[in-house]
Amino acid sequence: MATRCAPGVRRPCVLPEAAEAQPGSPTPVPFVVTPAAGRVRHFWWLTIGLIVADQVTKALVNSALGLYDSTTVIPGFLDLVHVRNEGVAFGLLNSTNLPYKAAITTALALAALGGIALYARQLQPREWVARLGLACILGGAVGNLIDRVRQGYVLDFVDVYWNTWHFWAFNVADASITIGAILVFVDLLLVKHHASDPV
């Protein structure tokens with residue numbers, strides 16, 4: 001009989017229910033549980049949580065503030081506003097009049113998701129910093145993509161400013177993408193990965 005998986009074990013282990021077979025029955029395919037698979041599931045939950053948080057906050061702002069209205073959160077530093085971004089992240093291309101702009105920005109978002117998927121396939125389970133960054137980027141990209149598909153624009157509501165200087169209005173999805181990109185760059189530039197094991 002195979003032993004149960006002990007906490008902290010770093011190797012694949014077989015559950016006894018999957019390893020036992022009745023006399024005369026075909027040999028079952030063992031169900032293998034690895035610590036890496038559990039960590040990957042955590043990243044998926046993070047992505048889903050960010051999508052939900054993004055959509056909920058946008059819905060709350062949309063119901064509480066009229067278009068172009070604002071309310072002060074921290075005087076002289078932070079306001080909540082209600083603006084529509086028809087461009088890409090942080091208002092880029094927002095003031096540009098392009099034919100089929102909604103279709104173009106949606107296509108750009110889909111292309112970015114494709115790039116994320118290709119990069120994710122090259123990561124090893126131990127590269128948790130990069131996976132954490134990709135989970136944030138994916139959650140933000142999907143959150144904004146939902147807006148573009150549903151209504152042709154993205155709702156931005158965080159206005160950070162100092163005196164007369166204002167940063168671009170952004171939302172939870174934009175913040176997630178920015179944090180995720182920083183984590184990916186940190187992984188690429190600062191985290192030292194071990195060489196692949198010889199075959």
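Structure: see above.
Keep in mind the model is a prediction, meaning the values are calculated, not measured.

Draft legend 1. Representation of the overall build of the protein. Along the backbone of the protein there are 5 helices and 6 strands. Counting the 199 residues in the protein, one finds 31% classified as buried. Looking at the protein alone, contacts between residues at least 24 apart form 58% of all its contacts between residues at least 6 apart. Total accessible area on the protein stands at roughly 12,900 Å², and carbon and sulfur atoms take up 67% of it.

Draft legend 2. Structural context of the packing of aromatic side chains. Applying the stated criterion to the full structure yields 3 aromatic pairs. With 6.2 Å between their ring centres and 50 degrees between their planes, W165 and F167 make a pair best called tilted. Taking the centre distance of 6.1 Å and the plane angle of 80 degrees together, the rings of F167 and F170 count as edge-to-face. A relative accessible area of 29% means that F167 is categorised as partly exposed. Look at F170 and you get buried, because its relative accessible area is 17%. Ring pairs connect the aromatic residues W165, F167, W168 and F170, which therefore count as one cluster.

Draft legend 3. Region of the structure containing the pairing of strand β5 (residues 154-162). Judged by how many residues are buried, β5 sits mostly within the fold: 8 of 9 residues are covered. Across 2 bridges, the pairing between β5 and strand β6 (residues 165-166) is antiparallel. Looking at β6, one finds that Y161 is bridged to H166. The turn linking β5 back onto β6 is made up of 2 residues, and N163 within it adopts a positive phi angle of 55 degrees.

Draft legend 4. Fine view of the sheet that holds strand β3 (residues 70-74). Pairing in this open sheet of 4 strands is antiparallel, and the strands run β3-β4-β5-β6 from one edge to the other. The open sheet terminates on both sides in strands that have one partner only, identified here as β3 and β6.

Cut-off values and rules
Residues numbered from 1 in each chain as written. Predicted model: local features only at pLDDT ≥ 70, side-chain atom pairs only at ≥ 80, totals over all residues. Heavy atoms only, no water. Helix = DSSP H or I, 4+ residues; strand = E, 2+ residues; numbered from the N terminus. Buried < 20%, exposed > 50% of the residue type's maximum accessible area, 1.4 Å probe, protein only. Contact = heavy atoms within 4.5 Å. Areas by Shrake-Rupley, 256 points an atom, 1.4 Å probe, with all protein chains shown as cover. Phe/Tyr/Trp six-rings, centres within 6.5 Å; stacked < 30°, edge-to-face > 60°. Pairing = 2+ DSSP bridges.

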